[in-house]
Amino acid sequence: MRRIEYKTDAQLAWMAKAGVVTSRALDAAVAAVAPGKTTADLDSAFREIITANGATSNFLGYYDYPAMICASVNDEVVHGIPGPRELLAGDMVSIDGGAVLTDPATGKTWNGDSARTVMVGNASAERRELSEITQAALWHGIAAVASARKVGEIGVAIEQFVREETGDKYGIIEDFVGHGIGTSMHMAPDVLNYAARDLGPRLKKGMALAIEPMLVTGSIETHVLADDWTIKTNDGGDACQWEHSVAIHSDGIWVLTAEDGGASELSKLGVTVKPIPA
Ligand code: MF3
Ligand code: CO
C-alpha cells in the first residue's frame, strides 16, 4: 500500500513556488496557441519559462516521455505528444504540464501539475461549453476540499455539478484519475474525478492533491494510439481536461498552481482560500 506524503507548511510553500512556475509556463503555452502553430511550439513556449525559472519538468523523461507538456487535441483525452501537428482554427487543445523546484536546504524536489484547455481561434459553441463545464467542474471539486471529510467527496462534487448543470450530456472519464503530489508527481492517494462508492482516505492537513476532471461529449471508452501515449475517445467524441494541484495546509486550502491560490474562482463558490502560513 502506498503511503500518503503529509507536508509541513514550509514544504507546501515550496510546492506553491513550483505551482506558480507551472502556472506561468502554462500561461506561455496558452499564449502560443494560434491557428498554424504546432503542438511542439506550445512545448517550446512552456520549456522557455521552466528553464528561465531554474525549474525542471516532471513530464520530460517520465517513463521516457519526450516532452515537457502533453497537448491533447479534440478527441484526444490526455497524453498527446507535442510534435509537428498544426493547430487549426476551431480546434480545442488541452495543455498539461508541471514544474519541479528543488529546495537546496533539504535536496527535496517539489512538483506542480496543472492543465488547461484552450480554443484555437473561433471554436464551436459546443466545444466552448465542454471546456467551461469541465473547468467549472474542477473548481467545484477543489471547493469540496475545503469542507469534505474524505478524498472521494471531490469526485462526488465534480459529478454532482456536471449532472445538475448538464444532465447526462457529458461523460466523465474513469480510465485516468487525479493523484497525490509532492516530492513526486504521482503519489497516493488516487483522486477520482467521478463519484464512487468508496470515498477513500480522510482529507487531512499536509495533503497535496492533483484534481483533473476529463469530460467527453460521447462515450467514456478510450484507447491508446500506436505512439503508446496519446489517449483518444473510442467514438471520436471531443474530450477536455482542466487540472490544478491543491494543498491542505494548517490554516485552510490553497490552490498551488493558481497565482492567487484560487481566491477569485473559489470566492464565487463561497469558499475562502488562506495563504500558507510562513
Ligand atoms: N500530468 C499528467 C497527470 O496529470 C501525467 C502526464 S505523464 C507524462 O497526471 F509522462 F505524460 F508526462
Ligand atoms: Co496530474
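You'll find the structure just up there.
The structure presented is a predicted model; accordingly, all values stated were derived computationally and were not measured.

Definitions and limits used
Residues numbered from 1 in each chain as written. Chains lettered and ligands numbered in written order. Predicted model: local features only at pLDDT ≥ 70, side-chain atom pairs only at ≥ 80, totals over all residues. Heavy atoms only, no water. Phe/Tyr/Trp six-rings, centres within 6.5 Å; stacked < 30°, edge-to-face > 60°. Buried < 20%, exposed > 50% of the residue type's maximum accessible area, 1.4 Å probe, protein only. Lys NZ or Arg CZ within 6 Å of the ring centre and 35° of its normal. Salt bridge = Lys/Arg side-chain N within 4 Å of Asp/Glu carboxyl O. Helix = DSSP H or I, 4+ residues; strand = E, 2+ residues; numbered from the N terminus. Pairing = 2+ DSSP bridges. Contact = heavy atoms within 4.5 Å. Near = heavy atom within 4 Å. Polar contact = N/O pair within 3.5 Å; in protein donor to acceptor, adjacent residues only side chain to side chain. 1 Å grid on protein atoms, 1.4 Å probe; cavity = no way out; pocket = protein on both sides within 12 Å on 5 of 7 lines; lining within 4 Å. Sits in = over half its atoms within 2 Å of the grid points. Nonpolar A, V, L, I, M, F, W, Y, C, P; charged D, E, K, R; others polar. Core = buried A, V, L, I, M, F, W, Y, C linked by side-chain atoms within 4.5 Å. Axes fitted to C-alpha atoms, helices over the stretch in contact; angles between N-to-C directions. Left-handed = near helix turned anticlockwise from the far one by under 90°. Donors = N, O, S within 2.8 Å, 3.2 Å for Na, K, Ca; no water. Tetrahedral: all angles 85-135°; square planar, octahedral: opposite > 155°, others 65-115°.

**Student:** Any chance you could explain the packing of aromatic side chains here in plain terms?
**Tutor:** Aromatic ring pairs are described here by two measures, namely the spacing of the ring centres and the angle between the planes. Summed over all chains, the structure comprises 3 aromatic pairs. On the basis of an interplanar angle of 85° and a centroid distance of 4.9 Å, the ring pair of Tyr-62 and Tyr-63 is categorised as edge-to-face. For Tyr-63, a relative accessible area of 66% corresponds to the exposed category. An aromatic cluster of at least three residues, connected via ring pairs, comprises Phe-59, Tyr-65 and Trp-229. Looking at Lys-17, its charged tip hangs above the ring of Trp-14, at a distance of 4.2 Å from the centre.

**Student:** Got a minute to help me understand the pattern of salt bridges in this structure?
**Tutor:** When the charged atoms of two side chains lie near each other, side chains of opposite charge can form a pair. Within this structure, the stated rule accounts for 11 salt bridges. Residues Arg-127 and Asp-238 are paired through a salt bridge, measuring 2.8 Å at the closest nitrogen-oxygen approach. Taken together, the residues span a long stretch of sequence, with Arg-127 in helix α3 (residues 125-147) and Asp-238 in the loop between β14 (231-233) and β15 (239-241) at a distance of 111 residues. Of the charged contacts in the structure, one is a salt bridge between Glu-265 and Lys-268, with a shortest N-O distance of 3.2 Å. We classify Glu-265 as partly exposed; its relative accessible area is 25%.

**Student:** For this particular structure, what's the right way to read the sheet that holds strand β5 (residues 99-102)?
**Tutor:** With respect to topology, 3 strands assemble into an open sheet ordered β1-β5-β6, the strand pairing being antiparallel. Looking at the sheet topology across the chains shown, the edges are occupied by β1 (56-57) and β6 (109-111). Inspection of the sheet shows β1 paired to β5 by 2 bridges, in the antiparallel sense. When the sheet's bridge partners are listed, Ser-57 is paired in β5 with Ala-99.

**Student:** Where do I start with the environment of Ala-247 in this structure?
**Tutor:** In this fold, Ala-247 is placed in strand β16 (residues 244-249). For Ala-247, a relative accessible area of 0% gives the class buried. Measuring from C-alpha to C-alpha, the distance between Ala-247 and Met-15 comes to 8.6 Å, with 232 residues separating the pair along the chain. When near neighbours in sequence (up to four residues on either side) are disregarded, Ala-247 contacts Leu-12, Met-207, Ala-208, Gly-252, Ile-253, Trp-254 and Leu-256.

**Student:** I would appreciate a short explanation of the site of ligand 1 in the present structure.
**Tutor:** Contacts to ligand 1 come from Phe-59, Tyr-62, Tyr-65, Cys-70, His-79, Asp-96, Asp-113, His-179, His-186, Glu-212, Trp-229 and Glu-243. Here an oxygen atom of ligand 1 and a side-chain polar atom of His-186 are 2.6 Å apart. Between ligand 1 and Glu-212 there is a distance of 2.7 Å, counted from an oxygen atom to a side-chain nitrogen or oxygen. At a threshold of 2 Å from the grid points, most atoms of ligand 1 map onto the largest pocket. For the shell around ligand 1, the residue count by class is 5 nonpolar, 3 polar and 4 charged.

**Student:** Quick question: what am I supposed to make of the nonpolar core here?
**Tutor:** For soluble globular proteins, the rule of thumb is that nonpolar side chains tend to be buried together. Residues Leu-42, Val-93, Ile-95, Ile-142, Ile-154, Ile-211 and Leu-266 are the most contacted members of the largest nonpolar core, which totals 73 residues. Among the elements that line this core, the one with the most residues is helix α1 (residues 9-31), at 10 residues. In contact with Leu-266, not counting residues within four places along its chain, are Trp-139, Ile-142, Ala-143, Ile-253, Val-255, Gly-261, Val-271 and Val-273. Among the nonpolar cores identified, the runner-up in size contains 7 residues, and Val-77, Val-78, Ile-231 and Ala-239 belong to it.

**Student:** Hey, could you run me through the packing of α1 against helix α2 (residues 39-52) in this one?
**Tutor:** Describing two packed helices takes the angle between their axes plus the distance from one axis to the other. Close contact between α1 and α2 brings their axes to 8 Å; oriented N to C, the two are set at 145°. Here the hand of the crossing between α1 and α2 comes out right-handed. Along the contact surface, α1 presents Val-21, Thr-22, Arg-24, Ala-25, Leu-26, Ala-28 and Ala-29, while α2 presents Leu-42, Ala-45, Phe-46, Ile-49 and Ile-50. Here the residues of the contact of α1 with α2 sort into 10 nonpolar, 1 polar and 1 charged.

**Student:** Would you take a moment to explain the coordination of the cobalt ion (ligand 2) for this structure?
**Tutor:** Here the cobalt ion (ligand 2) is held by Asp-113 (OD), His-179 (NE2), Glu-212 (OE) and Glu-243 (OE), and the distances to it run 2.0 to 2.3 Å. Around the cobalt ion (ligand 2), the 6 donor atoms sit at angles spanning 52 to 168°, and that spread fits a shape best called irregular. Overall, the relative accessible area of 8% leaves Glu-212 in the buried class.

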